[in-house]
Amino acid sequence: MAEQLLNKDVRKQVVEILGNMDGEVKLLLFVKDKDCEFCDTVVSLLNELTEVGEKVTFEKHNIDSEVAKNYHINDAPAIVLLTPEGKDKGVRFYGIPSGHEFGTLLQDIVSFSKGALSSISEESQKKITGIDKDIDIKVFITPTCPYCPKAVITAHNIAMLNDRITASMIEANEFKELSVKHGVSSVPHIVINDSVEFVGAYPEEQFVNEVLKAV
């Protein structure tokens, strides 16, 4: 029998956290047949997560599929979250959401179960909802970085507010080519529309201002 990724204590915590869910949340997992060292690990992780979380389900798709095209997924492993109504709010995880980022995934799932309610301030919400062009936010992380979840959560909360914004957690070590392309040497490293970049878990207001620079 394969070794479990989530031990007994972690499973207990997961049950507790997911006990705060309202509706059901579906995760779409995208994998590829070749050159995907971490795809099987993410499949195992989501299998275990959905065993523990009664209101969480997942569907596996290949990145060559129509579904992948519909969600603009071009690399794997990738996870897309859907609200109970099946709405995509632009929240993405590229790579294994492990270490500190496993908590981020759980937090997002709970948020999505309540309709993907953003937890950022009203003032920031006004600025974000007013954006009328496509925005792509990449947050490069490593699982051991304690500051990275804050940056990912902020980016995901921004994406939840506006259909034109996509925010992706990207595991820097798994997507080395992309990391090299953007000169990632320390994390969290944030890239917005490939034009605005900064390093560090900025406070929400500052983060929002960086997003506005890309507009």
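Being a predicted model, the structure only gives us computed values, none of them experimental.

S.K.: Sorry if this is basic, but what is going on with the state of the cysteines here?
M.R.: Two cysteines whose sulfur atoms are joined by a covalent bond form what is called a disulfide. All told, the structure shown has two disulfides when counted by the stated rule. The residue that forms a disulfide with Cys36 is Cys39, at a sulfur-sulfur distance of 1.7 Å. Taking the sign of the S-S torsion, 70° for the link of Cys36 and Cys39, the bridge is right-handed. The exposure class assigned to Cys36 is buried, which follows from its relative accessible area of 15%.

S.K.: Help me out: how do you make sense of the pairing of strand S6 (residues 165–171) in this one?
M.R.: Regular strands show a simple pattern: their side chains alternate between the two faces of the sheet. The buried fraction of S6 is high, at six of seven residues. Bridge analysis of strand S4 (residues 88–94) against S6 gives four bridges, and the strand direction is parallel. The residue bridging Phe93 from the neighbouring strand is Met169, located in S6. In terms of strand pairing, strand S5 (residues 135–141) meets S6 through seven bridges, oriented parallel. For Asp136, the partnering residue across the bridge sits in S6 and is Thr166.

S.K.: Teacher, can you tell me more about the pairing of strand S1 (residues 25–31) here?
M.R.: Here S1 lies mainly inside the structure; six of its seven residues are buried. Two elements, S1 and strand S2 (residues 56–62), share seven bridges in a ladder whose sense is parallel. The partner of Val31 across the bridge, within S2, is Asn62. Here S1 runs beside strand S3 (residues 78–82); their pairing, made up of five bridges, is antiparallel. By the bridge assignment, Leu27 is partnered in S3 with Leu81.

Cut-offs and rules
- Residues numbered from 1 in each chain as written.
- Predicted model: local features only at pLDDT ≥ 70, side-chain atom pairs only at ≥ 80, totals over all residues.
- Heavy atoms only, no water.
- Disulfide = S-S within 2.5 Å.
- Buried < 20%, exposed > 50% of the residue type's maximum accessible area, 1.4 Å probe, protein only.
- Helix = DSSP H or I, 4+ residues; strand = E, 2+ residues; numbered from the N terminus.
- Pairing = 2+ DSSP bridges.

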